[in-house]
Amino acid sequence: MNIDLLFDPLFRLPFLTGLLLAVWLPVLGLYLRLRGEWLAVLGMAQLASAGALGGAVLGLPAVAGGAGAGLLAALAKWGLKRPSDSAYAAMLLLGWAAAVAVMSNHPLAEQAAGAVFDGQLYFTGGGHLAAAAAVLGIGVQVLLWSHRALLRARVHPALGPPGAAIRLAFDLVAGASVGVAILSLGVMASFALAFVPAWRAFATAPSWRGALWRAMAISVTAYVLGFVLALVLDQPFGPVGVAAVLLVAGLAPPWRRRAGRGAG
Amino acid sequence: MKPPGTVLLEALGLSVGYDRPLLKGLDLQLVAGRVTTLLGPNGAGKSTVLRALGEARLRLAGRVWQAPGLRLGHLAQAAEGQAELPLSGRELLALTGATADGLPPWLADCLDARLDRLSGGQLQYLRFWSIAAAPFDVLCLDEPGNNLDARGLAALRDWLHTPPAGQAVVLVTHDDSLVDTARQSVIRIAS
């Protein structure tokens, strides 16, 4: 156990990269859950991981490969005739099979697989940080533009679905975010940060605004805890990060509704 | 908003349905400041008419004319999507641009509660209000009285008696207490 590592400048960039993703992924997860697409994160993550490993074999930069594969996975999702959990599960299986096949047959892909599956956050660099900042910045802009349409489609479906441009922009942002995240945090830690805080916030927050803050608070707290523990215990970030998210979400206090509401 | 008396939407010889017509040959004129009520038995196609006013794919024959730039609001019969959703009443109103001004006092106090913590009647009136108080020109209201208690029905009845002057309302209901033949245009649809 080496506490001094926490203050090593070497880990500042990785910490910031993960922090940006820990802020952004739960927000994205809330909107995916709103649309009934939470499993799509895992489907896109697995497809993106296969693409990233394929990119490594072709000699592409890791971040470019991940983001590009994420965008392709988003287009695959967008193009589904009948989006459903079953379709996302099929994406997941296809992505996993392709990733393992590529990894098993090429040494370069085997190295990259360590980053994708274990979550080698501590070896990320400036490119990862720039990509995380980009998906956060673009993603916030897309959500500011599409927020009302996405929520309205859920509570007033008779007013019509969001326009095609909104759906495409949202899917592309989701895909690129997942592609960047899996190369920094790992597949399952990325999924955990997108899924668990949103799951908890949906059940416990008093409002949408409250859910956004609550999900981000759970995610960032869990991320910092996971980062510190993984570094100090010399473990890959992925499994420690997942455990931290589950722990923090489980300990997050429930929202107490005000007396006198909901009678009748 | 359009001046009272302006024709906002007109349907002539309208047939609506999915694979086959549920309802044929409907003539309908929606006028600002006026409520048009569709009455008829279950399965006669009343709700499909409301949907067809906004969805061309449900129109199998006939013609629908809409005033240029018409904004059409639609309150569906079933309240779907609110369960397990962290959305407050105030946020629901903001989604459609509805104002809370004029909301009955018994509901104004609930605006900061989650929708899935409201009673069925509170939620229904808030859903209605999120459409009725939004800047739509035509309001399609499908069974807005569902789940409302006497107080809610009275508030809805009052609103239907004096709808906003610039909005046309088309109402589908089985609740006779909401029908006022003196103030509303009533269209009876046979099964």
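Since the structure is predicted, the reported quantities are computational estimates derived from the model, not experimental observations. (Residues numbered from 1 in each chain as written. Chains lettered and ligands numbered in written order. Predicted model: local features only at pLDDT ≥ 70, side-chain atom pairs only at ≥ 80, totals over all residues. Heavy atoms only, no water.)

**What to know about the packing of aromatic side chains**
All names here are of chain B. This is how the line gets drawn: Any Phe, Tyr or Trp ring, taking Trp's six-membered ring, that has another such ring centre within 6.5 Å forms a pair; planes under 30 degrees apart are called stacked, those over 60 apart edge-to-face, and the others tilted. Think of it this way: any DSSP run of H or I at least four residues long counts as a helix, any run of E at least two long counts as a strand, and we number them from the N terminus. Each residue is assigned to one of three classes by its accessible area relative to the maximum for its type, calculated with a 1.4 Å probe on protein chains only: buried under 20%, partly exposed between the two thresholds, exposed over 50%.
Enumeration according to the criterion identifies 16 aromatic pairs over all chains in this entry. The interplanar angle of 70 degrees and the centroid separation of 5.2 Å between the aromatic rings of tyrosine 125 and phenylalanine 128 together place this pair among those described as edge-to-face. Of this pair, tyrosine 125 and phenylalanine 128 both sit in helix α4 (residues 120-132), three residues apart, roughly one helical turn. By the burial criterion, tyrosine 125 is buried, and phenylalanine 128 matches it.

**Here we look at the interface of chain B and chain A**
Quick note on the threshold: By definition in these notes, contact holds between two residues if any of their heavy atoms fall within 4.5 Å. Two parts placed together each lose some accessible area under a 1.4 Å probe, and the buried area is that loss summed for both. In the sections that follow, a salt bridge refers to a side-chain nitrogen of Lys or Arg positioned within 4 Å of a carboxyl oxygen of Asp or Glu. Following the grouping adopted for this structure description, the nonpolar residues are Ala, Val, Leu, Ile, Met, Phe, Trp, Tyr, Cys and Pro, the charged ones are Asp, Glu, Lys and Arg, and the polar ones are all others, Gly among them.
Counting from both sides, the interface comprises 34 residues of chain B and, opposite them, 28 residues of chain A. If you sort the residues of chain B by the area they bury against chain A, Pro86, Leu95 and Arg117 of chain B come out on top, with a joint share of 29%. There are zero salt bridges connecting chain B and chain A. Breaking the side of chain B that touches chain A down by element, the ones donating at least two residues are β5 (72-75), α2 (89-96) and α4 of chain B. In terms of residue class, the side of chain B that touches chain A is built from 15 nonpolar, eleven polar and eight charged.

**Considerations on the nonpolar core**
For clarity, the cut-off: What makes a nonpolar core is a set of buried Ala, Val, Leu, Ile, Met, Phe, Trp, Tyr and Cys residues whose side-chain atoms join them at distances within 4.5 Å.
With 125 residues, the main nonpolar core has Leu30, Tyr31 and Trp208 of chain A as its most contacted residues. Considering every element that reaches this core, the biggest residue donor is helix α7 (residues 164-185) of chain A, with twelve residues. In this structure tyrosine 31 of chain A touches Leu143, His147, Leu150, Phe170, Trp208 and Leu212 of chain A, once residues within four positions along its chain are discounted. Residues Leu9, Leu38, Leu53 and Ala67 of chain B belong to the second largest nonpolar core, which totals 27 residues.

**Section: the UniProt feature "transmembrane region" (unreviewed entry) in chain A**
Residue and element names in this part refer to chain A. The criterion, for reference: UniProt positions are given in the numbering used here, feature names are shortened, and annotations may be inferred rather than shown by experiment.
In the numbering adopted here, UniProt assigns the feature "transmembrane region" (unreviewed entry) to residues 12-32, 53-75, 87-109, 121-146, 166-199, 211-231 and 237-255. From the first C-alpha to the last, residues 121-146 spans 31 Å; its make-up is 81% helix and 0% strand. As annotated, residues 211-231 comprises 100% helix and 0% strand, and the C-alpha atoms at either end are separated by 30 Å.

**Some remarks on the sheet that holds strand β1 (residues 7-17) of chain B**
Residues and elements named next belong to chain B. For the record, the criterion: Any two strands with at least two DSSP bridges between them are considered paired. For helices, the axis comes from a line fit to the C-alpha atoms of the stretch in contact; other axes are also lines fit to C-alpha atoms, and the angle between any two N-to-C directions lies between 0 and 180 degrees.
Taking strand neighbours across the sheet as the criterion, the three strands line up as β2-β1-β4 in an open arrangement whose pairing is antiparallel. Only two strands of the sheet have a single partner each, and these edge strands are β2 (21-31) and β4 (59-66). The sheet shows a mean angle of 5 degrees between the axes of neighbouring strands, direction not considered. As paired elements, β1 and β4 share six bridges and run antiparallel to each other. Looking at the pairing, valine 16 lines up with arginine 59 of β4.

**Some details on the pairing of strand β3 (residues 35-39) of chain B**
Residue and element names in this part refer to chain B. For β3, a buried count of five out of five residues is recorded, marking the element as mostly surrounded by other parts of the structure. Burial along β3 is two-sided: Val35, Thr37 and Leu39 and Thr36 and Leu38, pointing in opposite directions, are all buried. Relative to strand β7 (residues 168-172), β3 is paired through four bridges, and the arrangement is parallel. Pairing of valine 35 across the sheet is with valine 169, part of β7. Examined bridge by bridge, β3 and strand β8 (residues 184-188) share five bridges and lie parallel to one another. Bridge pairing in β8 places threonine 37 opposite valine 186.

**Regarding the side chain of threonine 173 of chain B**
Mapped onto the elements, threonine 173 of chain B comes out in the loop between β7 and β8. Beyond its immediate chain neighbours, meaning those up to four positions away, threonine 173 of chain B contacts Thr37, Leu38, Leu39, Glu143, Leu178 and Val179 of chain B.

**A few points about the pattern of salt bridges**
Taken as a whole, this structure holds nine salt bridges over all chains when the rule is applied. Across the salt bridge formed by lysine 77 of chain A and glutamate 37 of chain A, the nearest N and O atoms sit 3.1 Å from each other. Placement of lysine 77 of chain A in helix α3 (residues 62-78) and of glutamate 37 of chain A in the loop between α1 (12-34) and α2 (38-57) is noted, with a sequence separation of 40 residues between them. For glutamate 37 of chain A, a relative accessible area of 7% translates into the label buried. The salt bridge involving arginine 114 of chain B is made with aspartate 116 of chain B; its shortest N-O contact spans 2.8 Å. In this structure arginine 114 of chain B comes out as buried when scored by relative accessible area, which is 0%. When salt bridges with common partners are traced through the structure, they connect Arg35, Glu37, Lys77 and Asp171 of chain A into a single cluster.

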